Amino acid sequence: MYSRRGPKMGVLAESMNCKGVRTLGRGRQRNAVIDMVRIIFSMIILGYHFYGNGKKHFLGGYMGVEVFCVLAGFLFFREYDQKRVAELEMDQRFIYLKAHTGKRFWRFFGYSFIGYIMVFVVRYVWTNYNIISAKAFFDVMVRDIWELLLVTMGGFNQNSVTANKVIWTVSSMFLMEFFILGLLAIYEKKYLYFWMPASVLCMCGWYINDRQGSQYIFQGLTTVGNIRVYIAMCFGIGSYFLYKKLASLEFRRFGAILLTIAEGLCYAWCIYTTFRAGGGGLWLFCLCLAAGIAIAITFSEKSYSSIFAKGNKMTDQFGEFSLCIYIVQASVLEYFMRTYGHENALWERKFEFLGVTILVTFIYMLFVKGIYSSAPKIIGKIKDSVVKT
C-alpha cells in the first residue's frame, strides 16, 4: 500500500518550501480543499445562528466551530515545529512567543474591532433610532472593552454573552494559542507526551458529563468556551503528527484511493454531526477526531483530493471570506431579529438574509484588507514625523 521514501525526514520535508507548504503549480501555497472546507463550515455556522440557534435547522451547527479550532491547532503547531523553535535557546523561544502572540493579536483585533462597531451601530443606533447616553455608553464599554482586547473569554464576560456573539471563538482561540505555545516553549516534550494527552482526557471527561452547556459559563479557572477550544486545538496538534507520518510515506494507487475515501468519510461525518440535535460532548469529540484525520490527509496531499480540487484566485479568498462572514453575521442577524422579530419571519426571508450577509461580508473584507494594507504606511509616516519633530 505504501513504501518508505528513504531515511526519516527532519522537521522540514524535502518536498516543502520554507513555510512547510508544498507548492501547487506556479508556487501556489494555499490548499484548495482546506479553503473549501472553511467556507462550507462557515455557512453551516451561519445557518445555525440564523435559524434560532439550531431550533429548526443545523441542530448541531455550533460544533462547526471545532473544525476551525482543530485547523488552527494544526497550523500554529506546524509553524512552531517547522521554525525549529524547540532548538532555540530559552530566551529566543520567548522572543518567538512574544512575536507570534503580537502578530495574532493584531490580526484578530482589527477584524473583531470593526465587527464590534457594526454590532454596536445596529444595536444602539440604527434599530433603536437613538444614540445612547454618555452614562450608558461608558457602562457598555466597561463590559465590552475586554471583548475588544480579546481576553473576555478568560472570565471577563462574567457568564454573559459577548456583544458580538461569535467573538467568543476568536477570544478563546487567541488565549488558548498563547497558553499552549507558552507551555511548548518551556516544557515541550513533557507537555506533548504527557500533560497534553492527560489534560485532554480529563477535560473530555469533564465536558461530556457537564450539564452547563453554554461556552460563556465560568468554571473554576476559565470558561467552558476556552476548554472547548483547547481540546480541539490539541486534536489539531495530534493531526500534525499524523500529517508528518503520511508525508514521509509514498503511497501507491490503492493506498491513495483508501486515503481519499477516509478523507471524504471524515469530512462527511463532520458535516453530518452538525445536523444532529443533543449529540453532546461525545459527538463533539468524535467530530474533532474526524476533523483531525481529514485535515492531516488533506495537507499531506497523498489523496486524490489535491489533484481534483485545484486552487484558483477565487478559492484563495475562501479562507479570508470564511473569517469575515463569521464575524459579520452577528450584526446582520441583529438587524433582522430587531426588524422582523420572530423565527418564522426570518425563515421567510432566508434568501434575503443570505444575500445581505454575503454583500456585507464582501464590503467588510475589502475594508479590512484596505486598512491592513495601508496601516504600515500610515504608521511609518507617523513615526517619521515624530522623529523629525
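Up top is the structure these notes are about.
An account of the accompanying structure is given in this report. (Residues numbered from 1 in each chain as written. Predicted model: local features only at pLDDT ≥ 70, side-chain atom pairs only at ≥ 80, totals over all residues. Heavy atoms only, no water.)

### As for the packing of aromatic side chains
Okay, so step 1: For the structure shown, the criterion picks out 29 aromatic pairs.
Okay, so step 2: The interplanar angle of 20 degrees and the centroid separation of 5.5 Å between the aromatic rings of F105 and F109 together place this pair among those described as stacked. With a gap of four residues between them, F105 and F109 both fall in helix α3 (residues 90-126), about one helical turn apart.
Okay, so step 3: Assessed through its relative accessible area of 17%, F105 is described here as buried.
Okay, so step 4: Their ring planes at 55 degrees and their centres at 6.3 Å tell us that Y111 and Y364 sit as a pair that is tilted. Of the two residues, Y111 sits in helix α3 while Y364 sits in helix α12 (residues 350-388), which places them 253 residues apart along the sequence. (Phe/Tyr/Trp six-rings, centres within 6.5 Å; stacked < 30°, edge-to-face > 60°. Helix = DSSP H or I, 4+ residues; strand = E, 2+ residues; numbered from the N terminus. Buried < 20%, exposed > 50% of the residue type's maximum accessible area, 1.4 Å probe, protein only.)

### Remarks on a nonpolar patch on the surface
Okay, so step 1: Taken together, F113, I117, V121, V125 and W126 make up a surface patch of nonpolar side chains, about 400 Å² in accessible area.
Okay, so step 2: For V121, the location among the structural elements is in helix α3. (Patch = residues over 30% accessible without salt bridge, like charges linked within 9 Å, V, L, I, M, F, W, Y side chains within 5 Å. Areas by Shrake-Rupley, 256 points an atom, 1.4 Å probe, with all protein chains shown as cover. Salt bridge = Lys/Arg side-chain N within 4 Å of Asp/Glu carboxyl O.)

### A word on the pattern of salt bridges
Think of it this way: side chains of opposite charge can pair up when their charged atoms draw near.
Okay, so step 1: The full count for this structure, using the stated rule, is eleven salt bridges.
Okay, so step 2: For E66, the salt bridge is made with R228, and the minimal N-O distance between the two is 2.8 Å. Here E66, found in helix α2 (residues 64-82), pairs with R228, found in helix α6 (residues 224-247); they are 162 residues apart in sequence, far enough to count as distant. Pair check on accessibility: E66 and R228 agree, each one buried.
Okay, so step 3: Here K103 ties to E79 by a salt bridge, and the two come within 3.4 Å at their closest N and O atoms. Note that K103 is positioned in helix α3 and E79 in helix α2, a separation of 24 residues in sequence.
Okay, so step 4: Each of E79, K83 and K103 takes part in one network of salt bridges that share partners.

### Concerning unusual backbone geometry
Okay, so step 1: The phi torsion at L150 lies on the positive side, around 70 degrees, for a residue other than glycine.
Okay, so step 2: Within the fold, L150 resides in the loop between α4 (134-148) and α5 (167-209).
Okay, so step 3: Here E301, not a glycine, exhibits a phi torsion of approximately 55 degrees, which is positive.
Okay, so step 4: Relative to the elements of secondary structure, E301 occurs in the loop between α8 (280-300) and α9 (305-308).

### A closer look at the packing of helix α1 (residues 32-50) against α2
Okay, so step 1: It is at 8 Å that the axes of α1 and α2 come closest, and there the two elements cross at 150 degrees. Note that α1 runs across α2; the crossing there is left-handed. Of the residues in α2, those touching α1 at I34, V37, R38, F41, S42 and I45 are G64, V65, V67, F68, L71 and L75.
Okay, so step 2: Of the residues contributing to the contact of α1 with α2, the split by class is nine nonpolar, two polar and one charged. (Axes fitted to C-alpha atoms, helices over the stretch in contact; angles between N-to-C directions. Left-handed = near helix turned anticlockwise from the far one by under 90°. Contact = heavy atoms within 4.5 Å. Nonpolar A, V, L, I, M, F, W, Y, C, P; charged D, E, K, R; others polar.)

### So, empty space enclosed by the protein
Okay, so step 1: In total, this model carries three cavities of 30 Å³ or more according to the counting rule given.
Okay, so step 2: The volume enclosed by the second largest cavity comes to roughly 50 Å³.
Okay, so step 3: R143, D144, E147, T152, F156, N157, S160, V161, T162 and A163 are the residues that line the second largest cavity.
Okay, so step 4: Looking at the lining of the second largest cavity, its residues break down into three nonpolar, four polar and three charged. (1 Å grid on protein atoms, 1.4 Å probe; cavity = no way out; pocket = protein on both sides within 12 Å on 5 of 7 lines; lining within 4 Å. Points joined across faces, edges and corners; volume = space filled by probe spheres on them.)

Just geometry here; none of it tells us what the structure is for.
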